Amino acid sequence: MADLTTDFVGIKSPNPFWLASAPPTDKEYNVRRAFEAGWGGVVWKTLGEEGPPVVNVNGPRYGAIWGAERRLLGLNNIELITDRPLEVNLREIKAVKRDYPDRAVVVSLMVPCEEEAWKKILPLVEETGADGVELNFGCPHGMSERGMGSAVGQVPEYIEMVTRWVKQYSRMPCIVKLTPNITDIRKPAAAAHAGGADAVSLINTINSITGVDLDIFAPEPTIDGKGAHGGYCGPAVKPIALNMVAEIARSPEMRGLPISGIGGVTTWKDAAEFMALGAGNVQVCTAAMTYGFKIVQEMISGLSQFMDEKGLTSTSELVGRAVPNLSDWQHLNLNYITKAQIDQDLCISCGRCFAACEDTSHQAIAMSDDRVFTVKDEECVACNLCVNVCPVEDCITMVEMQPGQTDPRTGLTVQKDYANWTTHPNNPGAVKAAE
Amino acid sequence: MDPKMLSEGIVAGRRSAGQLAEAFDDLHPPLTEHEALVAADRCYFCHDAPCTVACPTDIDIPLFIRQIATGTPEAAARTILSQNILGGMCARVCPTETLCEEVCVRETAEGKPVLIGQLQRFATDTLMAADVHPFSRAASTGKRIAVVGAGPAGLACAHRLAMKGHDVVLYDARSKAGGLNEYGIAAYKSVDGFAQAEVDWLLKIGGITLENGKALGRELALEALRSEFDAVFLGVGLGGVNSLGVTGDEKDGVRDAVDFIADLRQATDLTALPVGRDVVVIGGGMTAVDAAVQAKLLGALNVTIVYRRGKDRMGASAFEQDLAASRGVRIITNAQPVAVHGNGSVREVEFAFTDDALTPTGQTFRLPADQLFRAIGQTLNGDGLPELDGRKIAITGAGRTSVAGVWAGGDCAAGGDDLTVTAVAEGRDAAEDIHAQLMK
């Protein structure tokens, strides 16, 4: 069995599955149960300043969107940071860490953008024996209106400044949690890096409105007839998160900066994808909130089986393995030519591929009177839409053409050499090969 | 109609080899990968799932289904087999309609449960096809344990003991291991020699020596076993069959349903296996249905199950009753046999209708029969056994008998539902208890 033990910025955990800072990690009761269920670590729900705790709304805090069979795909929340007294949280963190020394306990923090505030809270956290801190520069609702959370995360200068304070006043590893509500994720990540962060974690939630109540014309979730935007998470945000993780992972300026991957991790496969794109571990919230703590068992068994099958003995061999294959469009091989192929034994003749291709793409699928669907190679541009809309896995596949064959669509011979847009004759800025 | 269907008496070759092959094919063909993914997708991953609660072996059903859904059926198989080493057979023979699937929340919601049994088969078949045995033995304990009976209880017990590092001698009276999995269930539930394949796979754990042809009370004596081994587990099943207790019970053509089923399971050529034209099966349990349906599939013209109580009291599940009906078996309830008529061989069976208190109503009827199967329950055979509770071995806790160092489980032990899955649970739990006792 593969070794799932993970060392993330010096914080060791028996597996790379941490619960993200969120309602599941708001108190000792939950965290103990999570550890019993097998989670490798937690990021404790964000602590604020000493004093009267924040208050939450007393109407719905969550909204959702669903797929077929009411499968929860996206969750939106307007809950704030912990609404329990600071001293209670600190006491509980200390107790939990004492009883689970092999698990990671990281504490999420959000205090005002003032040096004194950070200087004051850090020793209190350090005293609990927690393994590190995560700076919540991502929460996009409520706290951001008060100049915290994503209001900080959207200003790289603030990120760098606060990160410096944290590194100055604490010996604990510092993870900076980034907001996706920006245009270029590399800017805040670089600021964290410059400020001395040990790692970044991303993504926090995305500004969102999950729906509108069409009877009262109010955004959802609705509080007494009004709604405010919330933070969106769950399986639906995974592609956005993967891209942002990858952008940082492949950036030369931030090479080697550890990343904790967050955003829609629901199965072992999601976790493996984040890790392959450079995440040293993953943080999970919505999946646990949807299915309970027990889902970590599937993540553990699945990742372990996958690593065994790939001959990977430790998670560090998986981390970043896909990063070298992340490229820019201009460098993709234009001589790589594939054609869709429909497996007639698997085809159930629903005709979705035909509708998609005929109506919206390249009219490259033929339909016979008796509902047999075949690909017209002379029209197929290999866009993959038919594969994506087919309800049967592996029924439609893309088959690579071999060098020397003639592409019936272009009439050109398939070349074996790699060639991309930078040298393509249609590119006005093409670089000419030396003569 | 083929004239052979009309031939009187107990004759072979009523149907062609081709017809028989089709008739005895897999009752539930295995799910394809696509079907398995669609079925797995329907699971809600319930908390404290009712299906798991209903499973006698406590398999974590939501977890294994999620593992199938996420493309790791091998991990799913481990989840199943860690609780139930005969998970492959149980996936085929469990009356899921009265266990896990009955309580599935999607049965409640839509009347269509998640196909738990078939998904379990998909997972276990995947692992076994890869010829992987996912467990290994702990360091040797030096302890030796005799397991008597290589049926589901004995196999489960032996495997768990071997895993714990004990050495096991597994005895069985018959020439093959497997017990009722090999000799007792309908052929269409265990096709392609699955029972033996599963035994072979199970024994790959190592540390289990199988000795066939050795029966308690024949080659083996409990006292001798107790002195030779550190512990003894009895999983001997029920060797005897209840008699009808009516006139004519001994006539030719009257036999035990379990013997008919065993003959059928061991037959290499079903065209050579004789069956009556008019077959009557007396009883209301799974064995009655297995015998009746298989008699029909073999080519019997008329097959009737007669049960003395009402339909709702039948031991066979509603699914099994419907299966029998769909294969053309007639089920008569509230009737008990009065006499078996015939000159040497059975010719007719006379029944009296009964009310729910089993009091005859005074009305009788006769069914023509050239073959009559008794399926009214089995009994425990043997002397020198531990104390009995009623007609089975009395047990306390995890299979402890009245005799120190002797455990029992499966059909021979009191309690339980006489199901394969219950036997597996009892064998497994007894093994854990034996281990705890021996390692004190």
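These figures come from a predicted structure and were not determined experimentally.

Trainee: With reference to specific residues and values, describe the overall build of chain B.
Mentor: When helices and strands are tallied, chain B shows 18 helices and 17 strands. For 440 residues, the compact-globule estimate of 2.2 N^0.38 gives 22 Å, and the C-alpha radius of gyration of chain B, at 22 Å, lies within 12% of that figure. If one aligns the C-alpha atoms of chain B with their principal axes, the spans along those axes are about 65 × 55 × 45 Å. Every one of the 440 residues in chain B was classed for burial, and the buried ones make up 56%. Long-range pairs, those at least 24 residues apart, make up 71% of the contacts in chain B with a sequence separation of at least 6. On chain B, roughly 17700 Å² of surface is accessible, and the fraction owed to carbon and sulfur atoms is 49%. On chain B, the mean spot of the 41 positive side-chain charges and the mean spot of the 57 negative ones are 1 Å from each other.

Trainee: Please set out the sheet that holds strand E12 (residues 360-368) of chain B residue by residue, giving values where relevant.
Mentor: Residues and elements named next belong to chain B. Pairing is antiparallel across the open sheet formed by 3 strands, whose spatial order is E10-E11-E12. Strands at the two margins of the open sheet, each flanked by one partner only, are strand E10 (335-341) and E12. Direction aside, the axes of adjacent strands within the sheet are offset by 25° on average.

Trainee: Let's hear about a negative patch on the surface: which residues, and what values?
Mentor: A cluster of acidic residues, A:Asp343, A:Asp345, A:Glu393, A:Asp394 and B:Glu33, forms a negative patch on the protein surface. Relative to the helices and strands, A:Asp345 is located in the loop between strand E17 (338-342) and helix H12 (352-360). Judged by relative accessible area, A:Asp345 falls into the exposed class, the value being 75%.

Trainee: Account for the confidence of the model for chain B, naming residues and giving values.
Mentor: Note that predicted coordinates carrying low pLDDT should not be read in detail. For chain B, the mean per-residue pLDDT works out to 95, and 100% of the residues sit at or above 70. What the predictor reports for the complex is a pTM of 0.92 with an ipTM of 0.89.

Trainee: Requested: an account of the pattern of salt bridges, with residues and values cited.
Mentor: Applying the stated rule across the entire model yields 50 salt bridges over all chains. Measuring nitrogen to oxygen at the nearest pair gives 2.9 Å for the salt bridge that ties B:Arg42 to B:Glu110. Of this pair, B:Arg42 sits in the loop between helix H3 (33-41) and helix H4 (50-54) while B:Glu110 sits in helix H9 (residues 105-110), placing them 68 residues apart in sequence. Residues participating in the shared-partner salt-bridge network are A:Asp184, A:Arg186, A:Lys187, A:Glu247, A:Arg250 and A:Asp328.

Trainee: Before we move on, can you summarise the nonpolar core with the specific residues and values?
Mentor: Residues A:Trp39, A:Val176, A:Leu202 and A:Leu303 are the most contacted members of the largest nonpolar core, which totals 84 residues. At 7 residues, helix H7 (residues 238-249) of chain A tops the list of elements feeding residues into this core. Sequence-distant contacts of A:Val176, defined by excluding residues within four places in its chain, comprise A:Leu135, A:Phe137, A:Ile159, A:Thr163, A:Ala192, A:Ala197, A:Ala199, A:Val200 and A:Ser201. Counting 66 residues, the second-largest nonpolar core is a separate cluster that includes B:Cys43, B:Val147, B:Val168 and B:Ala423.

Trainee: I'd like to hear about the sheet that holds strand E6 (residues 254-256) of chain B, residue by residue, with values.
Mentor: Whether parallel or antiparallel, the strands of a sheet pair through hydrogen bonds between backbone atoms. Residue and element names in this part refer to chain B. What the 5 strands build is an open sheet, ordered E6-E13-E7-E8-E9; its pairing is parallel. Strands with a single pairing partner mark the edges of an open sheet, and in this sheet they are E6 and strand E9 (330-332). Between one strand and the next, the sheet's axes are offset by a mean angle of 25°, whatever the strand orientation. Where E6 and strand E13 (residues 371-374) come together, 3 bridges link them in parallel fashion. By the bridge assignment for E13, Arg255 is matched with Phe373. Sheet strands in contact with helix H16 (residues 286-298) are strand E7 (278-282), strand E8 (302-306) and E13, and its direction is about 170° off that of E8.

Trainee: Help me get a handle on the state of the cysteines, residues and values and all.
Mentor: Residue and element names in this part refer to chain B. Summed over all chains, the structure comprises 0 disulfides over all chains. The thiol sulfur of Cys43 is not disulfide-bonded, and the nearest other cysteine sulfur, from Cys46, lies at 6.2 Å. You can see Cys100 has no disulfide; the closest cysteine sulfur is in Cys55, sitting 6.7 Å from it. Note on Cys100: relative accessible area 9%, which makes it buried.

Trainee: I'd like a rundown of the domain arrangement of chain B, residues and numbers included.
Mentor: Residue and element names in this part refer to chain B. Each domain of chain B was delimited in the assignment, giving domain 1 (33-129), domain 2 (144-239 + 380-438) and domain 3 (241-378). Look at where the C-alpha atoms of domain 2 and domain 3 centre, and you get two points 30 Å apart. Taken residue by residue, the interface counts 18 residues in domain 2 and 16 residues in domain 3. Together, the buried faces of domain 2 and domain 3 total about 1300 Å²; carbon and sulfur atoms form 44% of this surface. When the buried surface of domain 2 facing domain 3 is broken down by residue, Tyr183, Tyr188 and Lys189 rank first, second and third, together holding 37% of it. Scanning the region where domain 2 abuts domain 3 turns up 2 salt bridges. We note a salt bridge from Glu320 to Lys189, for which the minimum N-O separation is 3.1 Å.

Trainee: Can you break down a nonpolar patch on the surface residue by residue, with the values?
Mentor: Taken together, the side chains of A:Ile209, A:Val212, A:Leu214 and A:Phe217 make up a nonpolar region of the molecular surface, amounting to roughly 460 Å² of accessible area. Structurally, A:Leu214 is set in the loop between strand E12 (211-213) and strand E13 (218-220).

Trainee: Tell me about the UniProt feature "domain: Dihydroprymidine dehydrogenase" (unreviewed entry) in chain B, and name the residues and values.
Mentor: Listed under "domain: Dihydroprymidine dehydrogenase" (unreviewed entry) in the UniProt record, and renumbered for this structure, are residues 22-130 of chain B. Note that residues 22-130 of chain B is 61% helix and 0% strand, and that its end C-alpha atoms are spaced 27 Å apart.

Trainee: Let's hear about the UniProt feature "domain: FAD/NAD(P)-binding" (unreviewed entry) in chain B: which residues, and what values?
Mentor: In the numbering adopted here, UniProt assigns the feature "domain: FAD/NAD(P)-binding" (unreviewed entry) to residues 144-427 of chain B. Strand forms 26% of residues 144-427 of chain B and helix 25%; the C-alpha atoms that close the span are 16 Å apart.

Calculation criteria
All residue numbers refer to position in the chain's written sequence, counted from 1. Each chain takes a letter, starting from A, and each ligand takes a number, starting from 1, following the order in which they are written. For this predicted model, a pLDDT threshold of at least 70 governs which residues receive local features, and a threshold of 80 or more governs which side-chain atom pairs are given and counted, while totals over whole chains, interfaces and linings are taken from all residues. Processing note: side-chain calculations cover all non-hydrogen atoms of the structure and skip hydrogens and water entirely. Helix numbers and strand numbers start at the N terminus; a helix is a DSSP run of H or I with at least 4 residues, a strand a run of E with at least 2. We compute the radius of gyration over the C-alpha atoms and compare it with the globule rule, which gives 2.2 Å times the number of residues raised to the power 0.38. Exposure categories follow from relative accessible area, calculated using a 1.4 Å probe and restricted to protein chains: below 20% of the type maximum is buried, above 50% is exposed, and the middle band is partly exposed. Here a residue-residue contact requires only that any non-hydrogen atoms of the pair lie within 4.5 Å. All accessible areas in this document rest on Shrake-Rupley with a 1.4 Å probe, and a residue is counted as covered only by the protein chains that are shown. A residue counts as positive if it is Lys or Arg and as negative if it is Asp or Glu; His and the chain ends are not included. To locate a charge, take NZ of a lysine, CZ of an arginine, CG of an aspartate or CD of a glutamate. Paired strands are those between which DSSP finds at least two bridges. A fitted line through C-alpha atoms represents every axis, and for helices the fit uses only the stretch in contact; the resulting angles, taken between N-to-C directions, go from 0 to 180 degrees. To count toward a patch, a residue needs a relative accessible area over 30% and no salt bridge; like charges are then connected within 9 Å, while nonpolar side chains (Val, Leu, Ile, Met, Phe, Trp, Tyr) are connected within 5 Å. The salt bridge criterion pairs a side-chain nitrogen of Lys or Arg with a carboxyl oxygen of Asp or Glu, the two atoms within 4 Å. Residue-level confidence of the predictor is summarised by pLDDT, bounded by 0 at the bottom and 100 at the top. We call a set of buried Ala, Val, Leu, Ile, Met, Phe, Trp, Tyr and Cys residues a nonpolar core when their side-chain atoms join them within 4.5 Å. Note on disulfides: each one is a pair of cysteine sulfur atoms within 2.5 Å. Those domain boundaries reflect an automatic or database domain assignment. Computed with a 1.4 Å rolling probe, the buried area is the accessible surface lost when two parts are put together, summed over both parts. UniProt positions are given in the numbering used here, feature names are shortened, and annotations may be inferred rather than shown by experiment.

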